[in-house]
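# Structural description and commentary
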Amino acid sequence: MTNRVLVVDDDAAVRAALGQTLELAECDAITVGSFVAAKDLITPDFDGVILSDMRMPGRDGFHLLRYVREVDADLPVILLTGEGDIPMAVQAMAEGAFDFLEKPCASVDLMAVVRRALKTRALVRENRALKSRLESGDPAARMIFGTSPQMEELRARARAVAATGAEVLVTGAPGGGISKVAEVIHLMSPRGQGPFVKRPAAGLSADGFADLCRAAAGGSLYLDEIAALPSETQYAMLEALEQEQALEARVLVGSVADLAEAAAEGRFLADLFYRLDVMRVRIPALSERPEDIPVLFSHYVAQAAEQAGIAAPDIPQDHLAALMAQDWPGNARSLMSAAMRFVLGMPEEAAQSAELGLAEQLAQVERSLLIAALGRQNGNASAAAKALKLPRKTFYDKLARYGIRPEDYRR
């Protein structure tokens with residue numbers, strides 16, 4: 001999250017005091033003495049917020065606010081007002097100011113408003129980045145959502161395997177978008193202009209597999225839940241893959257089941273598993289990347305509102321915090337459903353989470369962050385502890401408290 005604050009105040013002593021307060025709170029303070037000095041810094045790409053005095057010689061806080069609204073209506077402006085300026089500040093709020101603070105204000109009150117504004121700004125920028133990906137870029141950028149390091153890694157992995165002609169195994173938790181990632185791989189491959197044929201593996205006969213390969217000739221055949229493929233079809237599929245010249249389509253498969261375990265237990269043909277596992281793409285669960293939830297939820301809310309033909313409602317910060325405190329075993333699919341219910345005025349998941357006490361909500365968020373750290377570090381507990389700046393013993397104690405096993409997050 002951004003932590004940049006542009007401070008505009010003509011009083012040098014006040015500027016210095018505000019700058020010191022912000023820096024003690026680990027914010028990056030930029031202090032200037034006038035609107036003229038601030039003007040060149042105010043751009044749509046500015047990644048922070050503005051804290052401005054209301055009364056200044058020449059161009060005052062009102063003028064600054066109106067200028068900012070023209071440049072970027074989503075850039076938060078917090079106004080500092082004297083006792084006699086409160087009616088003006090209320091008017092400024094009506095014109096789009098983020099908030100106002102009466103001088104002198106306590107540091108704790110100042111930082112509460114600044115942090116809220118910074119969170120709002122960060123969410124706006126993340127949504128813009130997501131929209132930009134949707135409107136431009138390759139299929140991986142347009143169709144695989146999320147700004148976390150894990151999702152950047154997933155996009156990079158999809159691009160890398162797409163360029164090969166090899167079979168691909170896409171794995172992940174239920175609702176994680178396995179078939180969508182498979183389609184991205186197809187679209188980015190040399191066969192991307194050919195057909196993308198998608199079928200469930202359950203009940204597929206050997207002849208049916210051959211027919212699907214012919215239907216997908218020049219493109220890709222995607223078989224969903226490959227663990228359910230009948231035994232005789234597994235043998236036919238392996239034989240077809242080993243005779244590459246005879247195969248007319250690239251084969252992509254998906255599975256939420258542990259295919260390695262199924263092969264080890266004799267429930268899936270081991271040779272076929274090893275053939276498919278050459279190019280594996282794993283989709284990280286939402287519980288491993290809670291930082292993606294606000295951006296994804298905002299996108300799904302906008303999408304749901306458009307489908308419902310109504311204006312997208314504002315999403316309170318405490319609602320997003322409640323969403324982040326959940327595990328989301330249904331992953332993106334259940335988050336989409338929650339967004340639709342939110343748009344229709346039935347946000348029960350967040351309400352249930354909000355009914356928990358503060359300690360319980362904090363515990364859920366802490367558990368999510370531990371899982372996210374392990375996911376980023378490929379299940380390496382020592383590296384995850386270091387990334388979270390926790391002593392190893394403390395980190396392991398927390399894992400034990402929440403029943404988290406590092407090996408579950410190794411890829």
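Values in this document were obtained by computation on a predicted structure and should not be read as measured data.

Across a sheet, strands are paired by hydrogen bonds formed along the backbone, either parallel or antiparallel in direction. Taken in spatial order, the five strands line up as 7-8-9-6-10 in an open sheet, and their pairing is parallel. For this open sheet the edge positions go to strand 7 (196-200) and strand 10 (280-283), each flanked by a neighbour on one side alone. For this sheet the average axis-to-axis angle between neighbouring strands, irrespective of direction, equals 20 degrees. Across four bridges, strand 6 (residues 168-172) lies against strand 9 (residues 250-255) in parallel orientation.

With that settled, the discussion passes to the packing of aromatic side chains. In the structure shown here, the tally under the stated rule is six aromatic pairs. Between F273 and Y274, the aromatic rings sit 5.3 Å apart at their centres with planes inclined by 55 degrees, giving tilted as the arrangement. Taking relative accessible area as the criterion, F273 reaches 5% and is therefore assigned buried. Accessibility expressed as a relative area gives 55% for Y274, which makes it exposed.

Evaluated as defined, the whole model comprises 19 salt bridges. Across the pair D397 and K393 runs a salt bridge whose closest N-O atoms are separated by 3.0 Å. Of the two residues, D397 and K393 both sit in helix 19 (residues 392-402), four residues apart, roughly one turn of that helix. By relative accessible area, which is 62% here, K393 ends up exposed. Through salt bridges with shared partners, a single ionic network connects D72, D74, R121 and R128.

The next subject is the nonpolar core. Judged by nonpolar contacts, the single largest core of 28 residues is most densely connected at F209, L221, L223, I226 and M237. Every element with two or more residues in this core is listed here: helix 9 (206-215), strand 8 (220-224), helix 10 (231-242), strand 9, helix 11 (259-264) and helix 12 (270-276). Sorting elements by how many residues they give to this core places helix 10 first, with four residues. M237 has contacts with F209, L223, I226, L229, V251, V253, L272 and L276, leaving out every residue within four places of it along the chain. Membership of the second largest hydrophobic core comes to 21 residues, among which are V295, L296, A305 and V343.

Conventions we followed
Residues numbered from 1 in each chain as written. Predicted model: local features only at pLDDT ≥ 70, side-chain atom pairs only at ≥ 80, totals over all residues. Heavy atoms only, no water. Pairing = 2+ DSSP bridges. Helix = DSSP H or I, 4+ residues; strand = E, 2+ residues; numbered from the N terminus. Axes fitted to C-alpha atoms, helices over the stretch in contact; angles between N-to-C directions. Phe/Tyr/Trp six-rings, centres within 6.5 Å; stacked < 30°, edge-to-face > 60°. Buried < 20%, exposed > 50% of the residue type's maximum accessible area, 1.4 Å probe, protein only. Salt bridge = Lys/Arg side-chain N within 4 Å of Asp/Glu carboxyl O. Core = buried A, V, L, I, M, F, W, Y, C linked by side-chain atoms within 4.5 Å. Contact = heavy atoms within 4.5 Å.

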